[in-house]
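Observations on chain architecture
So the chains spell out like this:
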Amino acid sequence: MMLLAIEQGNTNTLFAVHDGQAWIAQWRAATHASRTADEYAVWLSQLLSMAGLALGAFDGCIISSVVPQSVFNLRNLARRYLHVEPLVIGENAELGIAVRIDKPSEAGADRLVNAIGAHVIYPGDLIVIDSGTATTFDVIGADGAFEGGVIAPGINLSMEALHAAAAKLPRIAIQKPQRVVGKDTVGAMQSGIFWGYIALIEGLISRIKAERDEPMTVVATGGVASLFHGATLAIDHFDPDLTIRGMLEIWRRNSAKA
């Protein structure tokens, strides 16, 4: 079984190949809503060729996107170049997950996929942190149900807003500063961004655990999660493959039903 998983966020789109046993290749591209199926095919065929693979080698394709206008082109990529009918999260994919919030239809596909990807590996009640364009904190019950969460601006979004709104503040790179109190403007900004987000993470985890009043395992994923590795004891696991693991599990569940 050769599966192409396409996980599209607001900033980046991940293409990952699973051979039935393991993930054997992963590539990222900047997300552009107007990119056509033909453009994707040219880019993807070159990368597949370098890995000794071809567009016609796939038995299936699963797509998870938070950019609705891109789904049409990604679906066409699967149909015209992979010659498979894709499974699209939020459209023709059965997730097999209970959604215990007031308006279940409002739960983002990416958050539900993360919930599944976490539940198949980690036991008990979970907090899943996904740091992307937004930083989300999602609560997953011990039975795998999605039970709500918190949405905060992502670290890159906050950094860009700081630069855009304050004329004298420069655009800076995100990195862990050696000290909390900065001795110049860049150092002060780096501290506010980095340690401010650590405080956000630690504070929200503490409040969620207090509200739930039960042991919870905290799992972090997403593009900038690795920045926080070793900087806080509040996060139990850093798991970069959380989302694509969830997509693989959804693919298997739907294939079994079919």
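Residues numbered from 1 in each chain as written. Predicted model: local features only at pLDDT ≥ 70, side-chain atom pairs only at ≥ 80, totals over all residues. Heavy atoms only, no water.

1. Brief notes about the overall build of the chain
On a plain count of helices and strands, the chain comes out with six helices and ten strands. Taking 18 Å as the expected radius of gyration for a compact globule of 258 residues, we find that the chain reaches 19 Å, a close match to that expectation. With the principal axes as the frame, the chain shows a C-alpha extent of 55 × 45 × 30 Å. Buried residues in the chain amount to 47% of all 258 residues. Residue pairs at least 24 apart in sequence account for 55% of intrachain contacts in the chain once pairs closer than 6 positions are excluded. A gap of 6 Å separates the mean positions of the 20 positive and 26 negative side-chain charges of the chain. (Helix = DSSP H or I, 4+ residues; strand = E, 2+ residues; numbered from the N terminus. Rg over C-alpha atoms; globule rule 2.2 N^0.38 Å. Buried < 20%, exposed > 50% of the residue type's maximum accessible area, 1.4 Å probe, protein only. Contact = heavy atoms within 4.5 Å. Lys, Arg positive; Asp, Glu negative; His and termini not counted. Charge placed at Lys NZ, Arg CZ, Asp CG, Glu CD.)

2. A short note on the pairing of strand S3 (residues 23-30)
In the sheet, strand S2 (residues 12-18) pairs with S3 via seven bridges, with the strands oriented antiparallel. Looking at S3, one finds that Phe 15 is bridged to Trp 27. Between S2 and S3, which pair antiparallel in sequence order, lie four residues; one of them, Gly 20, sits at a positive phi of approximately 100 degrees. (Pairing = 2+ DSSP bridges.)

3. Things to note about the domain arrangement of the chain
In terms of domains, the chain is made up of domain 1 (3-93) and domain 2 (104-245). Look at where the C-alpha atoms of domain 1 and domain 2 centre, and you get two points 26 Å apart. Taken together, the contact pairs ten residues of domain 1 with eight residues of domain 2. Of all residues in domain 1, Glu 7, Trp 23 and Ile 89 bury the most surface against domain 2, accounting for 42% of the area lost on that side. Linking domain 1 to domain 2 there are zero salt bridges. Between domain 1 and domain 2 we count one residue pair in polar contact (both at pLDDT 80 or more) in total. Of all the elements in the fold, those that place two or more residues in the side of domain 1 that touches domain 2 are S2 and S3. Tallied by class, residues from the side of domain 1 that touches domain 2 come to five nonpolar, four polar and one charged. (Domains from an automatic or database assignment. Buried area = accessible area lost by both parts, 1.4 Å probe. Salt bridge = Lys/Arg side-chain N within 4 Å of Asp/Glu carboxyl O. Polar contact = N/O pair within 3.5 Å; in protein donor to acceptor, adjacent residues only side chain to side chain. Nonpolar A, V, L, I, M, F, W, Y, C, P; charged D, E, K, R; others polar.)

4. Thoughts on the sheet that holds strand S9 (residues 217-221)
Pairing is mixed across the open sheet formed by five strands, whose spatial order is S8-S7-S6-S9-S10. Of all strands in the sheet, those with a lone pairing partner are strand S8 (146-153) and strand S10 (237-238), marking the two edges. Helix H3 (residues 109-119) contacts strand S6 (126-131), strand S7 (134-140), S8 and S9 of the sheet and is inclined by roughly 120 degrees relative to S8. The strands touched by helix H5 (residues 185-212) within the sheet are S6, S7, S8 and S9, with S7 carrying the most contacts at an inclination of about 20 degrees. (Axes fitted to C-alpha atoms, helices over the stretch in contact; angles between N-to-C directions.)

5. Overview of the side chain of Thr 135
One can find Thr 135 in strand S7. Its relative accessible area of 3% is what places Thr 135 among the buried residues. Dropping the residues within four chain positions of it, Thr 135 is found in contact with Ile 129, Asp 130, Val 150, Ile 151, Ala 152, Pro 153, Gly 154, Ile 155 and Tyr 197.

6. Quick word on the UniProt feature "active site" (unreviewed entry) in the chain
UniProt records the feature "active site" (unreviewed entry) at Asp 110, using the numbering of this structure. Along the chain, the position of Asp 110 falls in helix H3. Its relative accessible area of 24% is what places Asp 110 among the partly exposed residues. Residues within four places of Asp 110 in sequence aside, it is in contact with Ser 64 and Val 66. (UniProt positions renumbered as here; feature names shortened; annotations may be inferred.)

7. What about the environment of Ala 51?
Mapped onto the fold, Ala 51 is located in the loop between helix H1 (37-50) and strand S4 (60-65). On the basis of relative accessible area, Ala 51 is assigned to the partly exposed category, the value being 42%. Separated by 34 residues in the primary sequence, Ala 51 and Glu 85 place their C-alpha atoms 23 Å from one another.

8. Here we look at unusual backbone geometry
In this model, His 83 sits at a positive phi of 60 degrees, which is unusual for a non-glycine residue. Examined against the element boundaries, His 83 turns out to sit in the loop between helix H2 (68-82) and strand S5 (87-88). Positive phi, close to 55 degrees, is recorded for Asp 213, a residue that is not glycine. With respect to the helices, strands and loops of the structure, Asp 213 is situated in the loop between H5 and S9. Residue classification places Asp 213 among the exposed residues on the basis of a relative accessible area of 66%.

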